[in-house]
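Here's the letter readout for the chains.
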Amino acid sequence: MTVVNRTAHRAPAEEQSPARSRTPLAEVVGADLRVPLVQGGSVRYANLDHAASTPALRAVADHLAEITPYYSSTHRGAGYASQVTTALYEGARATAARFAGARPDDVVVFTRNTTDSLNLLAGCVPEGGRVLVLDTEHHANLLPWRARGHSALPAAPTLAGTVEALERELAGRPAALLAVAGASNVTGEVLPVDELVRIAHRHGARVVVDAAQLAPHRPFGLASSGADYLVFSGHKTYAPYGAGVLVGRRDWLDAAPPHLAGGGAVREVTGSSVRWADAPERHEAGSPNVLGAVALARACEVLTGLFPAAEAREAELRAQLVAGLERVPGARAHRLWPDSRDAIGVVAFDVAGHDSGLVAAYLSAEHGIGVRDGRFCAHPAVARLGLPRAGAVRASFGLGSCPADVDRLLDALALLVERGPSARYELVAGRHVPVPDPRPLPTWLPVGIAAVARPCV
């Protein structure tokens with residue numbers, strides 16, 4: 001049987017065999033979304049782009065529907081709905097602290113996302129304090145520190161060598177803060193954070209863990225690890241309602257200028273002076289994103305009960321994909337370090353002779369598979385992998401992912417290598433698009449927005 005025939009018969013079998021192919025660990029909104037194909041018809045959307053943003057958990061969406069009628073102002077409102085809203089918001093803060101394994105005196109500050117959290121913390125680093133990062137970090141953990149004596153240490157060819165290099169650097173040049181990702185957003189490799197915390201503390205540096213990728217996949221505790229700060233985002237933890245969080249030690253947060261100046265961040269204002277509140281209020285000026293914070297907290301509660309099973313499922317899916325890529329001619333999965341032993345469900349790969357942007361467009365247009373392509377806001381890391389400016393393709397798993405999704409991806413790649421795309425693709429505004437593209441967009445999209453969603457050719 002040829003690859004073409006095998007692929008042609010896979011989708012109907014998937015629909016008929018839910019026991020193997022579609023047993024999610026948790027229900028997510030949009031799990032049964034069907035998307036149109038350029039060759040006609042539609043197929044269940046295979047979402048393999050969780051590392052960028054996750055769908056909402058059904059439990060989160062249902063919780064928001066239940067509480068939204070009570071939405072009101074927080075903290076100083078005397079009305080019943082306002083009191084309920086305040087309780088929800090502060091309860092969400094307590095839930096986030098538990099999820100982060102916080103110490104009793106740690107502070108939880110709600111932000112917009114991980115990038116916002118890291119920028120907030122950058123403004124809290126004591127004046128003159130150097131911040132050390134690896135050059136393999138996401139831009140959100142590279143750029144905010146540049147005004148704070150930032151040093152980007154080149155990663156070594158091995159993970160063990162990288163850890164040794166970090167210790168030598170900290171021993172030779174004092175730093176106030178080591179900023180490190182819990183897991184790479186490019187390759188999914190997990191760093192030995194507990195060991196890095198011990199090394200940093202031995203040399204007088206604090207540690208912030210960028211858990212944007214780690215938090216949706218693995219439990220992590222500030223108290224148990226000794227890390228000083230933890231940041232993560234709702235939109236990557238099945239709560240895409242615009243909230244992030246910074247959890248950690250109080251002293252830097254209380255001593256720093258407010259992240260935003262405005263109402264709610266103050267104790268007293270006169271015509272010539274202001275007395276700022278302590279954290280967390282100090283850094284939460286303006287009306288807070290109550291629903292985003294509550295959504296994030298509900299997602300944390302659900303994730304806490306799913307971690308052991310989620311870790312095992314993702315390990316199976318990752319192994320299935322990596323092994324399958326080895327059987328696709330020209331396909332290659334990438335790793336930053338050959339000696340890394342642990343990884344979450346994020347895999348970067350390329351297919352020799354095929355531009356990564358074209359591969360991603362083909363997977364979407366002809367197979368209904370969502371992946372990401374490019375350099376993933378981690379340009380130095382992708383360059384370290386020896387990839388061109390076009391970067392790689394990234395597949396990433398989540399709670400709704402299943403073996404059938406991986407099967408579809410591998411079959412589609414095999415078909416691409418065997419016969420190439422069926423549709424014709426052109427570069428439009430830097431993106432590969434099928435030309436013509438007969439796929440209808442949702443009718444509720446405004447005309448102008450529809451043009452942005454898919455460039456006209």
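Residues numbered from 1 in each chain as written. Predicted model: local features only at pLDDT ≥ 70, side-chain atom pairs only at ≥ 80, totals over all residues. Heavy atoms only, no water.

Observations concerning the domain arrangement of the protein
Argument step 1. The domains assigned to the protein are domain 1 (34–56 + 306–451) and domain 2 (58–301).
Argument step 2. On the side of domain 2, 39 residues touch domain 1, which itself brings 38 residues to the contact.
Argument step 3. Between domain 1 and domain 2 lies a buried interface of about 3,300 Å² when both sides are counted; carbon and sulfur atoms form 56% of it.
Argument step 4. In terms of surface lost to domain 2, no three residues of domain 1 exceed Phe307, Trp337 and Ile344, which account for 24% of the buried area on that side.
Argument step 5. Connecting domain 1 to domain 2 are three salt bridges.
Argument step 6. The residue Arg218 makes a salt bridge to Asp342 at a minimum N-O spacing of 2.7 Å.
Argument step 7. At the junction of domain 1 with domain 2, the criterion picks out 27 residue pairs in polar contact (both at pLDDT 80 or more).
Argument step 8. Elements with a minimum of two residues in the side of domain 1 that touches domain 2: α11 (307–326), β14 (346–351) and α13 (379–384).
Argument step 9. Residue contributions to the side of domain 1 that touches domain 2 peak at five residues, all from α13. (Domains from an automatic or database assignment. Contact = heavy atoms within 4.5 Å. Buried area = accessible area lost by both parts, 1.4 Å probe. Salt bridge = Lys/Arg side-chain N within 4 Å of Asp/Glu carboxyl O. Polar contact = N/O pair within 3.5 Å; in protein donor to acceptor, adjacent residues only side chain to side chain. Helix = DSSP H or I, 4+ residues; strand = E, 2+ residues; numbered from the N terminus.)

Describing the sheet that holds strand β5 (residues 131–134)
Argument step 1. Pairing is mixed in the open sheet, where seven strands are placed in the order β4-β10-β9-β8-β7-β5-β6. The strands lining the two open edges of the sheet, one partner per strand, are β4 (107–111) and β6 (150–153). Direction aside, neighbouring strands of the sheet carry axes that sit 20° apart on average.
Argument step 2. Here five bridges tie strand β7 (residues 177–181) to strand β8 (residues 206–210), and the two strands are oriented parallel to one another. (Pairing = 2+ DSSP bridges. Axes fitted to C-alpha atoms, helices over the stretch in contact; angles between N-to-C directions.)

A closer look at the packing of aromatic side chains
Argument step 1. Per the counting criterion, the structure on display carries four aromatic pairs.
Argument step 2. Members of the aromatic cluster, joined through ring pairs, are Phe99, Phe232 and Phe307. (Phe/Tyr/Trp six-rings, centres within 6.5 Å; stacked < 30°, edge-to-face > 60°.)

Description of the pattern of salt bridges
Argument step 1. One pass over the full model with this rule turns up 23 salt bridges.
Argument step 2. Residue Glu426 is joined to Arg424 by a salt bridge in which the shortest nitrogen-to-oxygen separation is 2.4 Å.
Argument step 3. A relative accessible area of 47% places Arg424 in the partly exposed class.
Argument step 4. In this structure, the salt-bridge partner of Arg439 is Asp437, at a minimum N-O distance of 2.8 Å. Like Arg439, the residue Asp437 is buried in the burial classification.
Argument step 5. A single salt-bridge network, built from bridges that share partners, covers Glu27, Arg58 and Asp62. (Buried < 20%, exposed > 50% of the residue type's maximum accessible area, 1.4 Å probe, protein only.)

Re α11
Each full turn of the α-helix corresponds to 3.6 residues, which orients residues three or four apart in the same direction.
Argument step 1. Relative to the 28 Å expected for 20 residues at 1.5 Å per residue, α11 spans 28 Å between its end C-alpha atoms, a close match to the ideal helical length.
Argument step 2. Buried within α11 we find Phe307, Ala310, Arg313, Glu314, Leu317, Arg318, Leu321, Gly324 and Leu325. One face of α11 carries all of its buried residues, which in axial projection span an arc of 135°. Turned more than 90 degrees away from the buried face of α11 sit Pro308, Glu316 and Glu326, all of them exposed. (Expected span 1.5 Å × (residues − 1). Arc of directions from axis to C-beta.)

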